[in-house]
Amino acid sequence: TSSASGTICSGGSATLTAAGQNGTTFQWYDDAQGTVLLASNAGQYETGALQSSRSFYVKLIGDGGCSSELKAVQVDVLPVPAVTSVNQSGSICRTGSVVLSAMAQNGASYTWYADAQGIQVIGNGADFTTPVLTASQDYYVGVANNNGCGSTLKKVSVEVVQYQDADVLNQN
C-alpha cells in the first residue's frame, strides 16, 4: 500500500490518494485507532475544508478480506495571508488621481484589480496610483505569500467629489 501526503492553503480541501493491487478497497479513517470511518472506496478521499495540519488514516482491504495496518496520510495546511488595511493618499475633487497603499500579514506580493473577480490585473506592489478619475471607482487588492496561498480580495472605493461652480453675479 502506498499513499500520498499533501500541502494545501488554509480553508482548502485535499484529495488523498492510496494505491494497491486491483480488487482492493480502501478505508479512510479520522483517527489512528481506526474507529471513525470516513469513507470506503477505490483509493481516493476528499477532505472537507481544513484550517490546520492533520493526519488521516487509510488501510487496504484485499479480495480475501485481509487488511493492512493503518497508514497515516499527512495534510499540511499553510497560512493564508490577509490584507489588513488599505490607505488612500487623499480625496479627489472633480478630477485627479490618488495613491492607494495596502498592508498585509504573511503577504509576499500584492496585486491590484479593476474587478471583484480578480481577473483584470491593473497593478502590482503595495502601492497603486489610480489613473486620472472623473467619477468614483472601486478597486480590489489581494496578496499572495511565497507558498502560493492567496487572500480574498479587499475592496477599496475611491470617491470623486463633484461640486458646482459658484455663480458670478455682476453688481452695479
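Everything that follows concerns the structure shown earlier in this document.
Note that the structure is predicted; figures quoted are calculated from it, not measured.

Caption draft 1: How the structure looks around the overall build of the protein. Broken down by element type, the protein carries 0 helices and 17 strands. Taking 16 Å as the expected radius of gyration for a compact globule of 172 residues, we find that the protein reaches 27 Å, considerably beyond that expectation. Principal-axis analysis of the C-alpha atoms gives the protein an extent of 110 × 25 × 25 Å. Burial statistics for the protein: of 172 residues in total, 31% are counted as buried. In the protein, 57% of the contacts between residues at least 6 apart in sequence involve partners at least 24 apart. A total of about 10100 Å² of accessible surface is found on the protein, and carbon and sulfur atoms cover 46% of it. For the protein, the distance from the average site of its 6 positive side-chain charges to the average site of its 12 negative ones is 4 Å.

Caption draft 2: The sheet that holds strand 13 (residues 121-124), seen in detail. Across the sheet, 4 strands lie side by side as 13-12-15-16; this open sheet has antiparallel pairing. The open sheet is flanked by strand 13 and strand 16 (154-158), the only strands paired with a single partner. Across this sheet, the average inter-strand angle for adjacent strands is 30 degrees, counted without regard to direction.

Caption draft 3: Inspection of the pattern of salt bridges at higher detail. Throughout the structure, instances matching the rule amount to 2 salt bridges. Between Arg54 and Asp30 there is a salt bridge, and its shortest N-O distance comes to 2.4 Å. Of the two residues, Arg54 is situated in strand 7 (residues 54-61) and Asp30 in the loop between strand 4 (25-29) and strand 5 (37-41); the sequence distance between them amounts to 24 residues. The class of Arg54 is partly exposed, set by a relative accessible area of 26%. A salt bridge links Lys155 to Asp138; the nearest nitrogen and oxygen atoms lie 3.5 Å apart. You can see Lys155 sitting in strand 16 and its partner Asp138 sitting in strand 15 (residues 137-144), a full 17 residues away along the chain.

Caption draft 4: Molecular detail of the pairing of strand 12 (residues 109-113). The buried count for strand 12 comes to 4 of 5 residues, which makes it a mostly enclosed element. Note that strand 12 and strand 15 share 5 bridges and pair antiparallel. The partner of Tyr113 across the bridge, within strand 15, is Tyr140. As paired strands, strand 12 and strand 13 are joined by 3 bridges and run antiparallel to one another. Among the inter-strand pairings, Tyr113 is bridged to a residue of strand 13, identified as Val121.

Caption draft 5: Region of interest: the packing of aromatic side chains. Tallied over the full model, the rule gives 4 aromatic pairs. With a centroid separation of 6.1 Å and an interplanar angle of 25 degrees, the aromatic rings of Trp28 and Tyr45 are classed as stacked. In this pair, Trp28 sits in strand 4 while Tyr45 sits in strand 6 (residues 44-46), placing the two residues 17 residues apart along the sequence. A single burial state applies to Trp28 and to Tyr45, both of which are buried.

Reading the values: the criteria
Residues numbered from 1 in each chain as written. Predicted model: local features only at pLDDT ≥ 70, side-chain atom pairs only at ≥ 80, totals over all residues. Heavy atoms only, no water. Helix = DSSP H or I, 4+ residues; strand = E, 2+ residues; numbered from the N terminus. Rg over C-alpha atoms; globule rule 2.2 N^0.38 Å. Buried < 20%, exposed > 50% of the residue type's maximum accessible area, 1.4 Å probe, protein only. Contact = heavy atoms within 4.5 Å. Areas by Shrake-Rupley, 256 points an atom, 1.4 Å probe, with all protein chains shown as cover. Lys, Arg positive; Asp, Glu negative; His and termini not counted. Charge placed at Lys NZ, Arg CZ, Asp CG, Glu CD. Pairing = 2+ DSSP bridges. Axes fitted to C-alpha atoms, helices over the stretch in contact; angles between N-to-C directions. Salt bridge = Lys/Arg side-chain N within 4 Å of Asp/Glu carboxyl O. Phe/Tyr/Trp six-rings, centres within 6.5 Å; stacked < 30°, edge-to-face > 60°.

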